[in-house]
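Overview (structure and organization)
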Amino acid sequence: MLLPCLACETRFRPDEYFRACSDYDRGLDRVAWTCPSCGNRDDLRVFTGELGFGTAGHGRFDVHDRVPVPGLRRQRHEVALDITLDRRHWQVPRR
């Protein structure tokens with residue numbers, strides 16, 4: 001499975017994609033992601049089975065685009081977000 005950058009349409013393996021996540025905002029349940037190819041910064045929410053891309057504003061995060069990612073799981077913690085896909089695990093620290 002390859003995951004997309006919505007700006008430049010480059011696709012990445014999950015390991016490269018989730019390593020590009022820089023911080024987790026627990027209040028908005030939002031992850032900051034920077035494309036390793038074009039440098040575009042996106043905000044996304046990790047759902048069970050999909051990624052939701054959107055914007056933050058007025059104390060909330062609105063999802064505008066969804067990308068299905070079968071098998072994707074998440075678990076929120078006080079200090080980080082754990083992401084699991086295909087027996088691989090990534091942790092995005094809380095800012």
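Residues numbered from 1 in each chain as written. Predicted model: local features only at pLDDT ≥ 70, side-chain atom pairs only at ≥ 80, totals over all residues. Heavy atoms only, no water.

1. Examining the environment of Arg87
Residue position: Arg87 is located in the loop between strand S9 (80-85) and strand S10 (88-93). C-alpha of Arg87 to C-alpha of Leu72: the two residues are 15 residues apart in sequence and 9.8 Å apart in space. (Helix = DSSP H or I, 4+ residues; strand = E, 2+ residues; numbered from the N terminus.)

2. Let's talk about the sheet that holds S9
Taken together, the 3 strands give an open sheet; going across it, the order is S8-S9-S10, and neighbouring strands pair in antiparallel fashion. Two strands close off the open sheet at either side, each with one partner strand: strand S8 (73-76) and S10. On average, each strand axis in the sheet is tilted by 20° relative to the strand beside it, whichever way the strands run. Direction of pairing for S9 relative to S10: antiparallel, over a ladder of 6 bridges. Of the residues in S10, the one forming a bridge with Leu85 is Arg88. (Pairing = 2+ DSSP bridges. Axes fitted to C-alpha atoms, helices over the stretch in contact; angles between N-to-C directions.)

3. Concerning the pattern of salt bridges
For the structure shown, the criterion picks out 10 salt bridges. Here Arg19 ties to Asp15 by a salt bridge, and the two come within 2.9 Å at their closest N and O atoms. Residue Arg19 and its partner Asp15 are located together in helix H1 (residues 14-19), separated by 4 residues, close to a single helical turn. On the accessibility criterion, Asp15 (21% relative accessible area) is partly exposed. A salt bridge links Arg94 to Glu78; the nearest nitrogen and oxygen atoms lie 3.3 Å apart. Taken as a pair, Arg94 in the segment after S10 and Glu78 in the loop between S8 and S9 lie far apart in primary sequence, 16 residues in all. Relative accessible area serves as the criterion here: at 51%, Glu78 is assigned to the exposed category. Three or more residues are tied together by salt bridges with common partners; here these are Asp25, Arg30, Arg41 and Asp43. (Salt bridge = Lys/Arg side-chain N within 4 Å of Asp/Glu carboxyl O. Buried < 20%, exposed > 50% of the residue type's maximum accessible area, 1.4 Å probe, protein only.)

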